[in-house]
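A look at the structure
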Amino acid sequence: MSEWPQGSTGDRSGRYGRGSGSPDPEGARAMPQVRRAAPGAGGQPPYNEPPLPPDLSPHGTIPRQQASQGYDDYDDGYNTGQVYGHGNGGPGGGDPYGPGGPGPRPVRPKNWKRRITIGLVTLVVLLLAVGIGTYIWADSKLRNEVDLSKVEDRPGGGKGTNYLIVGSDSREGMSDEDKKKLHTGSADGRRTDSMILLHVGENGNTMVSLPRDSWVTIPAFTGSESGRRIPQSQNKLNASYSSEGPGLLVRTIEYNTGLKIDHYAEIGFDGFANLVDGVGGVDIDIPQDMKDKKSGNDLKKGKQTLNGQQALAFVRQRYGLAGGDLDRTKNQQKFLSALANKAASPSTIMNPFKLYPTMGAGLDNLVVDKDMSLWDVKDMFFAMKSVSGGDGKQMNMPIANPGLATSKGSAVQWDMAKVKQLMGELKNDETVTVSSN
């Protein structure tokens, strides 16, 4: 049998320029084994063949680049009758997407369940990363400066958790312009403008204000900073803080109440104002027109939003109030509860543009004990929020005489029978039945 297909001869000149002897379409015929003929003179193809397109071999079916590789470079499939054309479709090697072809390639259905799962996992990982990063950032700002382990002769602990929240007149870091703006003055030393016991328990939360002029026994104490021994004395509660700071203040409150303080938190003038501005102001209902030159307070009766400067003036005013310092402690509790309610609200927590400024302003200026964690700070704020929402009680320490004459001037005398009952209820985490009247 001839090496060449039917109708063909070894003479390639019969195929080019004069047609092919085979009736079959060129694309359906098997490709013979060929060797590239040597070019003629001048590098042109022999037999005076017409120039070929740059991408085709002399047979018109194989790219010139592949054909130029010679016989040894051909794929074995060319010797077994493989069909040439643009695809591996139907007869004649036609377009696989044309007539006789297999049709369009089937589209795989999209796996939405898998995509949703991947999306949810990615979201959870992202939220965890943001949460952990925020916790680390916030924890680095917390000022754990008060060592309660140095407080002497502490009472036994009870049920629930007791926080001592102190608002000091600290002017640390304030410029002369800030002092003038906030009407703080430039007094030396340090004093407390407010002291609140916050009890957090299963039978409701209770906020008890301790008037700064409360007449108490200041027990003997060894100064943690000075190292000197301070003898026992009778004085106003505020004097214990002025003398030896948080350590002696905690010691004095525990000595006169029998209630153990678990955590201590203190914020100064500038920090308080910045915290209020950080949450975007605090809404509060002013019961009557208020004006005080010393504190700078000048507010009209009615519901309004106080900025940091106005809020500080409101909680500091003590003159011009019917109940004097006792009315001021009520205003302080009222505002702190409203502030906590705003700081712990979803509108603040879920909004990073409010959350981070609030946390930054609060934690930068919040001094706490060494054992107080961010979770404890969170619990403290949410407890104050619950009190403002009606889940708890706000009161002053029971008072027997608001104008007691002493060697240190007018002071506030506690009703010790009621104080003992109140402290017993708090220590045992019982529902508070004592009133401050």
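In what follows, the structure referred to is the one given above.
Below or above, wherever it landed, is the structure these notes cover. Bear in mind that the values here come from a model prediction, so they are computed numbers and not experimental data.

Let us now look at the overall build of the protein chain. The helix and strand tally for the protein chain stands at 12 helices and 17 strands. Summarising the internal contacts of the protein chain: among those between residues at least 6 apart in sequence, 64% fall at separations of at least 24. Carbon and sulfur atoms provide 52% of the accessible area of the protein chain, an area that totals close to 24100 Å².

This brings us to the packing of aromatic side chains. All chains considered together, the criterion is met by 2 aromatic pairs. When the centroid spacing of 5.6 Å and the interplanar angle of 50° are considered together, the rings of F272 and F335 count as tilted. Linking F272 in helix α6 (residues 269–278) with F335 in helix α8 (residues 325–343), this pair joins segments that are 63 residues apart in sequence. Of the two residues, F272 and F335, neither departs from the other in class, the shared state being buried. Ring centres 6.3 Å apart and planes at 55° place the aromatic pair F314 and F335 in the tilted group. Of this pair, F314 sits in helix α7 (residues 308–316) while F335 sits in helix α8, placing them 21 residues apart in sequence.

Let's shift gears to the pairing of strand β14 (residues 366–369). For strand β1 (residues 143–146) and β14, the ladder comprises 3 bridges, and the chain directions are parallel. Among the inter-strand pairings, N144 is bridged to a residue of β14, identified as V368. Sheet topology note: the strand β9 (residues 263–267)/β14 ladder contains 3 bridges and is antiparallel. Across the sheet, I267 pairs through a bridge with L366, a residue of β14.

Here we take up the packing of α6 against α8. Between α6 and α8, the least distance of the axes is 10 Å, while the angle of their chain directions is 45°. With respect to their mutual orientation, α6 and α8 come out oblique. Here α6 and α8 pass one another in a crossing that is left-handed. Residues F272, L275 and V276 of α6 touch α8, and the partners they reach there are F335, L336 and L339. Looking at the contact of α6 with α8 residue by residue, the classes come out as 6 nonpolar, no polar and no charged.

Bringing the side chain of S194 into the picture now. Residue position: S194 is located in strand β3 (residues 192–200). With a relative accessible area of 13%, S194 lands in the buried category. With residues near it in sequence (within four places) discarded, S194 still touches I165, V166, G167 and Q332.

Turning to the pattern of salt bridges, a few remarks are in order. Throughout the structure, instances matching the rule amount to 5 salt bridges. A salt bridge links R143 to E145; the nearest nitrogen and oxygen atoms lie 2.8 Å apart. The exposure class assigned to R143 is partly exposed, which follows from its relative accessible area of 21%. With relative accessibility at 45%, the residue E145 sits in the partly exposed group. The closest approach of N and O atoms between K378 and D379, which form a salt bridge, is 2.9 Å. We classify K378 as partly exposed; its relative accessible area is 34%. For D379, a relative accessible area of 33% gives the class partly exposed.

Turning to the sheet that holds β14, a few remarks are in order. Across the sheet, which stays open at both edges, the 7 strands sit in the order β1-β14-β9-β2-β3-β4-β15 with mixed pairing between neighbours. For this open sheet the edge positions go to β1 and β15 (392–396), each flanked by a neighbour on one side alone. On average, adjacent strands in this sheet sit at an angle of 25° to one another, irrespective of strand direction. Relative to β3, helix α4 (residues 237–244) is tilted by about 105°, and along the sheet it contacts β2 (161–168), β3 and β9.

Thresholds applied
Residues numbered from 1 in each chain as written. Predicted model: local features only at pLDDT ≥ 70, side-chain atom pairs only at ≥ 80, totals over all residues. Heavy atoms only, no water. Helix = DSSP H or I, 4+ residues; strand = E, 2+ residues; numbered from the N terminus. Contact = heavy atoms within 4.5 Å. Areas by Shrake-Rupley, 256 points an atom, 1.4 Å probe, with all protein chains shown as cover. Phe/Tyr/Trp six-rings, centres within 6.5 Å; stacked < 30°, edge-to-face > 60°. Buried < 20%, exposed > 50% of the residue type's maximum accessible area, 1.4 Å probe, protein only. Pairing = 2+ DSSP bridges. Axes fitted to C-alpha atoms, helices over the stretch in contact; angles between N-to-C directions. Parallel < 35°, antiparallel > 145°, perpendicular 65-115°, else oblique. Left-handed = near helix turned anticlockwise from the far one by under 90°. Nonpolar A, V, L, I, M, F, W, Y, C, P; charged D, E, K, R; others polar. Salt bridge = Lys/Arg side-chain N within 4 Å of Asp/Glu carboxyl O.

These results come straight from atomic positions and should not be treated as a statement about function.
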